[in-house]
Amino acid sequence: MSSLHRKDLGLLALRSVVGGVLFAHGAQKLFGWFGGGGPEATAQAMEQMGFEPGERNALAAGLGEAGGGALLAVGLATPVAGAVVAGTMAGAIAVHYPAGFFAHGGGYEYPALLGACGLALAVSGPGAYSLDAASGHSLGRPWIGVLAFAASALGAVAVVSRRQDAMRRREARAADEAAGENGTGLS
């Protein structure tokens, strides 16, 4: 087996597994499949995590995971799919970051791995066994990848910044309420 053939098979395996995992996670959010909460429960969870409004953020996360995962799995628009996955995982990393690195403690290990895989596949390309290769890479041009990564990075920064602002407002309200209950608040 030639090394080129092995590389293409390896990319197919990586795309299939990572894309399938991401699709399943997104389908939990969008449709309630695979034991997921569906759109309403996901929206409520997103609100609790500081992603406001919850409905819009739940939809974006579900589409980023399911859509990006499906595109990665079949190797279509791979630079865009990888950028979307990396950006979506940046939001998940922001949630898990305070718990440290390791997933067993609630850390960001798992979303970081998925985001890194999306990034690596976007940069490396999907390999010969992909819809991108079958279409002559019409959706996988380098400039498309650069634009997709720029848009994804800007989107991730905006979403994470809005979440941080929401969390700061929430903490300030809680502090004000606690001060009022203790009688130390100004009247």
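Refer to the preceding data block for the structure.
Residues numbered from 1 in each chain as written. Predicted model: local features only at pLDDT ≥ 70, side-chain atom pairs only at ≥ 80, totals over all residues. Heavy atoms only, no water.

(A) View of the packing of aromatic side chains. For the structure on display, the rule yields six aromatic pairs. Between Phe 101 and Tyr 108, the ring centres sit 5.3 Å apart and the planes meet at 85°, which makes this aromatic pair edge-to-face. Among the residues examined, Phe 101 registers a relative accessible area of 38% and is labelled partly exposed. Taken together, the aromatic side chains of Phe 23, Phe 31, Trp 33 and Phe 34 make up a single cluster linked through ring pairs. (Phe/Tyr/Trp six-rings, centres within 6.5 Å; stacked < 30°, edge-to-face > 60°. Buried < 20%, exposed > 50% of the residue type's maximum accessible area, 1.4 Å probe, protein only.)

(B) Region of interest: helix H7 (residues 142-181). The terminal C-alpha atoms of H7, which comprises 40 residues, lie 58 Å apart, in line with the 58 Å expected from a rise of 1.5 Å per residue. Buried within H7 are the following residues: Ile 144, Gly 145, Ala 148, Ser 152, Ala 156, Val 160, Arg 163 and Ala 166. Looking at the buried residues of H7, the elements they touch are helix H4 (78-96). (Helix = DSSP H or I, 4+ residues; strand = E, 2+ residues; numbered from the N terminus. Expected span 1.5 Å × (residues − 1). Contact = heavy atoms within 4.5 Å.)

(C) Representation of helix H5 (residues 109-124) in the model. With 16 residues, H5 ought to run about 22 Å at 1.5 Å a step, and its terminal C-alpha atoms sit 22 Å apart, in line with that. Those residues of H5 that fall on the buried side of the exposure criterion are Pro 111, Leu 114, Gly 115, Cys 117, Gly 118, Leu 121 and Ala 122. Buried positions in H5, seen along its axis, are confined to an arc of 155° and lie on one side of it. For H5, exposure combined with an orientation more than 90 degrees from the buried face picks out Leu 113 and Val 123. Just downstream of H5, Gly 125 is the residue with a positive phi angle, here 90°. (Arc of directions from axis to C-beta.)

(D) Geometry of a nonpolar patch on the surface. Taken together, the side chains of Phe 31, Trp 33 and Phe 34 present a nonpolar region at the surface, about 370 Å² in accessible area. By the secondary structure assignment, Trp 33 is in the loop between helix H1 (3-31) and helix H2 (38-48). The class for Trp 33 is partly exposed, based on a relative accessible area of 42%. (Patch = residues over 30% accessible without salt bridge, like charges linked within 9 Å, V, L, I, M, F, W, Y side chains within 5 Å. Areas by Shrake-Rupley, 256 points an atom, 1.4 Å probe, with all protein chains shown as cover. Salt bridge = Lys/Arg side-chain N within 4 Å of Asp/Glu carboxyl O.)

(E) Highlighting the nonpolar core. In terms of nonpolar packing, the biggest core is built from 10 residues, these being Leu 11, Val 18, Leu 22, Leu 72, Ala 81, Val 85, Met 89, Leu 114, Cys 117 and Leu 121. The set of elements that each furnish at least two residues to this core consists of H1, H4 and H5. Excluding its chain neighbours within four sequence positions, the residues that come into contact with Val 85 are Leu 22, Gly 64, Gly 68, Gly 69, Leu 72, Leu 114, Gly 115 and Gly 118. Of all hydrophobic cores here, the second largest spans five residues; its members include Met 46, Phe 51, Ala 58 and Ala 61. (Core = buried A, V, L, I, M, F, W, Y, C linked by side-chain atoms within 4.5 Å.)

(F) Main features of the side chain of Lys 29. Relative to the helices and strands, Lys 29 resides in helix H1. At a separation of 2.9 Å, a polar atom in the side chain of Lys 29 contacts the side chain of Glu 65. Each residue touching Lys 29, except ones within four places of it in the same chain, is listed here: Gly 38, Pro 39, Thr 42, Ala 61, Gly 62 and Glu 65. (Polar contact = N/O pair within 3.5 Å; in protein donor to acceptor, adjacent residues only side chain to side chain.)

(G) Region of the structure containing the environment of Gly 140. Positionally, Gly 140 belongs in the loop between helix H6 (131-134) and H7. Separated by 59 residues in sequence, Gly 140 and Ala 81 place their C-alpha atoms 9.9 Å apart.

(H) Region of the structure containing the pattern of salt bridges. Summed over all chains, the structure comprises four salt bridges. Across the pair Arg 170 and Glu 52 runs a salt bridge whose closest N-O atoms are separated by 3.5 Å. Taken as a pair, Arg 170 in helix H7 and Glu 52 in the loop between H2 and helix H3 (54-74) lie far apart in primary sequence, 118 residues in all. For Asp 165, the salt bridge goes to Arg 168, with nearest N and O atoms at 2.7 Å. Taken together, the positions of Asp 165 and Arg 168, both in helix H7 and three residues apart, correspond to about one turn of that helix.

(I) Seen up close, the packing of H4 against H7. At a closest axis distance of 8 Å, the pairing of H4 and H7 adopts a crossing angle of 15°. In terms of axis orientation, H4 runs roughly parallel to H7. For the crossing formed where H4 meets H7, the hand is right-handed. Every residue of H7 that contacts H4 at Pro 79, Val 80, Gly 82, Ala 83, Val 84, Gly 87, Ala 90, Gly 91, Ala 94 and Val 95 is listed here: Ile 144, Gly 145, Ala 148, Phe 149, Ser 152, Ala 156, Val 160 and Arg 163. Of the residues contributing to the contact of H4 with H7, the split by class is 12 nonpolar, five polar and one charged. (Axes fitted to C-alpha atoms, helices over the stretch in contact; angles between N-to-C directions. Parallel < 35°, antiparallel > 145°, perpendicular 65-115°, else oblique. Left-handed = near helix turned anticlockwise from the far one by under 90°. Nonpolar A, V, L, I, M, F, W, Y, C, P; charged D, E, K, R; others polar.)

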